[in-house]
Amino acid sequence: MLVVQTHAGRLGQTWHAPKTWSEATTLLADLGPESAAAGGATYLMWRAAQGEPMPRHLVSLHRIVAGRQCDEGSLGALTTLRTLERDTRYGAQRALTMAASATAGPAVRTVATLGGNLASGFPQADLVPALLALGADAQLSDGEAVPVERLLEQGIDRRLVTGVTHGLTQDSGWSGASVKLARRGMDLSVGVAAVAVRVEQNEIQEARVAVGSLYERPQRLTAIEAALVGADASEDTIEEVLEVIGFTGRQFQDDAESTGTYRARIARPLVRKALLVALRLGPNGEPERGDERL
Amino acid sequence: MSRLLLNGRAVEVTSNAVTPLLDVLREELGDTSPKPGCLEGRCGACTVLLDGEPVLSCLLPLGRALDGQITTVRGSTGEGDPAGHRLNEIKAAFARAGAVQCGICTPGMILATSALVSERDRPTRAEIQEGLVNNLCRCTGYAKILDAVESLAEGKQPGHG
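Nothing here was measured: the structure is a model prediction, and the numbers come from that model.

## Brief notes about the overall build of chain A
Then comes step 1: Counting its secondary structure elements, chain A contains 11 helices and 12 strands.
Then comes step 2: Here the C-alpha coordinates of chain A stretch approximately 60 × 40 × 35 Å along the principal axes.
Then comes step 3: Burial status across chain A gives 51% buried among its 294 residues.
Then comes step 4: Of all intrachain contacts in chain A linking residues separated by at least 6 positions in sequence, the fraction that spans at least 24 positions is 65%.

Here's what the structure looks like:
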């Protein structure tokens, strides 16, 4: 018989499955630095398969019921990517739906969670640019709400993300989209662009643009956002804005998925594509898959 | 000792709850239908169903599986069981289409197909490709696998119009 060569479970790790956020935080505090929380545990198990050490205590959050809501403007951290991709919500939150639909494959999305995608600190996390574009706040287990942007910079110590909230509602006219470029279906992304825009009378009133995988960590492109405000919602104008503002001054990421040189080449078409999809769909368009080709 | 719901039956397991479900199924329970391929979530040969949804058993800790119903391709004879009947239909479609060569990917392909067609009655070719994106095949070139799944949707026999 073939023997699976992973150490997960073979080195005496202990499994904990609390039923409330309070139990989970108490457990993590009691168990200390040799413990880690897991949403779907796919990332931790994948790391174990790579031979990386696993925490001695794995605190699985999957039994916590109060963390699975998927409402407009309020999403539980334990919402699975399968649930997110099936969400038919429009408006800006569509960016999240599209990002979920382009993450790994269905068999990963069944158990992978929104909170895990955000809290793992995984640089290629596909949902994080959408959360940035939404201007989302992460709700933490101690009751504090932290902008996702700040969470990426400062981390969350040993607190848990219990959910995310945002205020870009469909009825206020926001439209969102997320576009991912990967070599093949299951590969990590070469680049992800997520946007949220609000248009009135064919003029962009507000714009939020974020990218992932291009740089060391996901980030907003505030200069492009500012230049888009007041611009015509047309392909030519968007192209012009992106050309003028450009992507210079940032160090593109070199890794196994792509060179920085290639990422520098695809940054502009990736962001352009996300903007055009958001504009085409408008606030009321149905979500599309988020891995359109450039 | 824990209780795992496997193919409609409760079975006792003693493995550590952090152990990948794939190891538990193959080594402790003797169900070798999920295949150890890449062991890192890229090939899909180890795919099983958790409450009807596809999961990669090489990346799923046993503890996560204990709260649901696990189905492997050995799942059912189909007698009096609609899900098992569907699995048998899919197996037959794969056989008719010549979609099986070395067979390593086949159990995962069949279970991923089962999840796909339970969600969409008539998936398009693109939807089938997306539904099977977790599952790699190094023999068939995929065309006959896609034909087999399409034939299920169309209720026809591949190669016979």
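So much for the structure itself; the text now carries on.
## Some points on the interface of chain B and chain A
Then comes step 1: Opposite the 34 residues of chain B that make contact, chain A presents 29 residues.
Then comes step 2: Secondary-structure elements contributing two or more residues to the side of chain B that touches chain A are helix H1 (21-28), strand E3 (47-50), strand E4 (53-56), helix H2 (62-65) and helix H4 (106-119) of chain B.
Then comes step 3: Grouping the constituent residues of the side of chain B that touches chain A by class yields 17 nonpolar, 9 polar and 8 charged.

## Here we look at the nonpolar core
Then comes step 1: Counting 138 residues, the largest nonpolar core has Ala95, Ala194, Val195 and Ala274 of chain A as its most contacted members.
Then comes step 2: Other than its neighbours up to four places away in sequence, Ala95 of chain A contacts Ala130, Ala133, Leu134, Gly176, Ala177, Ser178, Ala194, Val195 and Ala196 of chain A.

## Examining the sheet that holds strand E1 (residues 2-6) of chain B
Residues and elements named next belong to chain B.
Then comes step 1: Across the sheet, which stays open at both edges, the 5 strands sit in the order E2-E1-E5-E3-E4 with mixed pairing between neighbours. Because the sheet does not close on itself, it has two edges, and the strands there are strand E2 (9-13) and E4. Sheet twist, expressed as the mean angle between neighbouring strand axes with direction ignored, is 40°.
Then comes step 2: Sheet contacts for H4: E3 and E4; angle to E3, the most-contacted strand, approximately 35°.

## Structural notes on the packing of helix H10 (residues 235-245) of chain A against helix H11 (residues 260-281) of chain A
Residues and elements named next belong to chain A.
Then comes step 1: Contact geometry of H10 with H11 gives a least axis separation of 10 Å together with a crossing angle of 145°. The way H10 lies across H11 gives a crossing that is right-handed. For the pair H10 and H11, the contacting residues are Glu235, Ile238, Glu239 and Leu242 in the first and Arg268, Val271, Arg272, Leu275 and Leu276 in the second.
Then comes step 2: Taken together, the residues of the contact of H10 with H11 sort by class into 5 nonpolar, no polar and 4 charged.

## Remarks on the sheet that holds strand E2 (residues 35-38) of chain A
All names here are of chain A.
Then comes step 1: With respect to topology, 3 strands assemble into an open sheet ordered E1-E3-E2, the strand pairing being parallel. A strand with exactly one partner marks an edge of an open sheet, and here the two such strands are strand E1 (14-16) and E2. Across the sheet, the mean angle from the axis of one strand to that of its neighbour is 25°, orientation sign disregarded.
Then comes step 2: Examined bridge by bridge, E2 and strand E3 (residues 57-60) share 4 bridges and lie parallel to one another. Its bridge partner lying in E3, Ala36 is registered against Leu58.

## Things to note about the domain arrangement of chain B
Residue and element names in this part refer to chain B.
Then comes step 1: Segmenting chain B into domains produces domain 1 (2-71) and domain 2 (82-154).
Then comes step 2: The centre of domain 1, based on its C-alpha atoms, is set 20 Å off from the matching centre of domain 2.
Then comes step 3: Among the secondary structure elements, those contributing two or more residues to the side of domain 1 that touches domain 2 are E3 and E4.

## So, unusual backbone geometry
Then comes step 1: Positive phi, normally seen in glycine, also occurs at Gln201 of chain A, with a value near 45°.
Then comes step 2: Relative to the assigned elements, Gln201 of chain A resides in the loop between strand E10 (189-200) and strand E11 (203-212).
Then comes step 3: Although it is not a glycine, Asn7 of chain B sits at a positive phi angle of roughly 50°.
Then comes step 4: Its place among the elements puts Asn7 of chain B in the loop between E1 and E2.

## Structural notes on the environment of Ala153 of chain B
All names here are of chain B.
Then comes step 1: Mapped onto the elements, Ala153 comes out in helix H6 (residues 143-154).
Then comes step 2: According to the C-beta neighbour criterion, Ala153 is partly exposed, with 18 such atoms within 10 Å.
Then comes step 3: Residues contacting Ala153, with those up to four places away along its chain left out, are Val117, Asp121, Arg122 and Pro123.

## What about the domain arrangement of chain A?
All names here are of chain A.
Then comes step 1: Taken domain by domain, chain A holds domain 1 (14-60), domain 2 (70-165) and domain 3 (171-281).
Then comes step 2: On a C-alpha basis, the centroid separation for the pair domain 1 and domain 2 is 19 Å.
Then comes step 3: Residue-level contacts link 9 residues of domain 1 with 14 residues of domain 2.
Then comes step 4: Going through the elements one at a time, helix H1 (21-31) and helix H2 (42-49) are the ones with two or more residues in the side of domain 1 that touches domain 2.
Then comes step 5: Residues belonging to the side of domain 1 that touches domain 2 are distributed by class as follows: 5 nonpolar, 4 polar and no charged.

## Let's talk about the confidence of the model for chain B
Residue and element names in this part refer to chain B.
Then comes step 1: For chain B, per-residue confidence averages 91 on the pLDDT scale, and residues scoring 70 or more make up 93% of the total.
Then comes step 2: For chain B, the element scoring lowest by mean pLDDT is helix H3 (residues 82-97), at 89; E4 scores highest, at 97.
Then comes step 3: Both scores are available for the predicted complex, with the pTM at 0.92 and the ipTM at 0.91.

## Thoughts on the pairing of strand E6 (residues 137-140) of chain A
Residue and element names in this part refer to chain A.
Then comes step 1: Both faces of E6 are covered, namely the face carrying Asp137 and Gln139 and the face carrying Ala138 and Leu140.
Then comes step 2: Hairpin remark: E6 followed by strand E7 (residues 145-147), antiparallel, with 4 residues in the connecting loop; positive phi at Gly143, about 95°.
Then comes step 3: Looking at chain direction, E6 and strand E8 (residues 161-165) are connected through 4 bridges and run antiparallel. Its bridge partner being in E8, Leu140 is matched across the sheet by Val161.

About the thresholds
- Residues numbered from 1 in each chain as written.
- Chains lettered and ligands numbered in written order.
- Predicted model: local features only at pLDDT ≥ 70, side-chain atom pairs only at ≥ 80, totals over all residues.
- Helix = DSSP H or I, 4+ residues; strand = E, 2+ residues; numbered from the N terminus.
- Buried ≥ 20, exposed ≤ 12 C-beta atoms within 10 Å, placed from the backbone.
- Contact = placed C-beta atoms within 7 Å.
- Nonpolar A, V, L, I, M, F, W, Y, C, P; charged D, E, K, R; others polar.
- Core = buried A, V, L, I, M, F, W, Y, C linked by C-beta atoms within 7 Å.
- Pairing = 2+ DSSP bridges.
- Axes fitted to C-alpha atoms, helices over the stretch in contact; angles between N-to-C directions.
- Left-handed = near helix turned anticlockwise from the far one by under 90°.
- Domains from an automatic or database assignment.
- pLDDT = per-residue confidence, 0-100.

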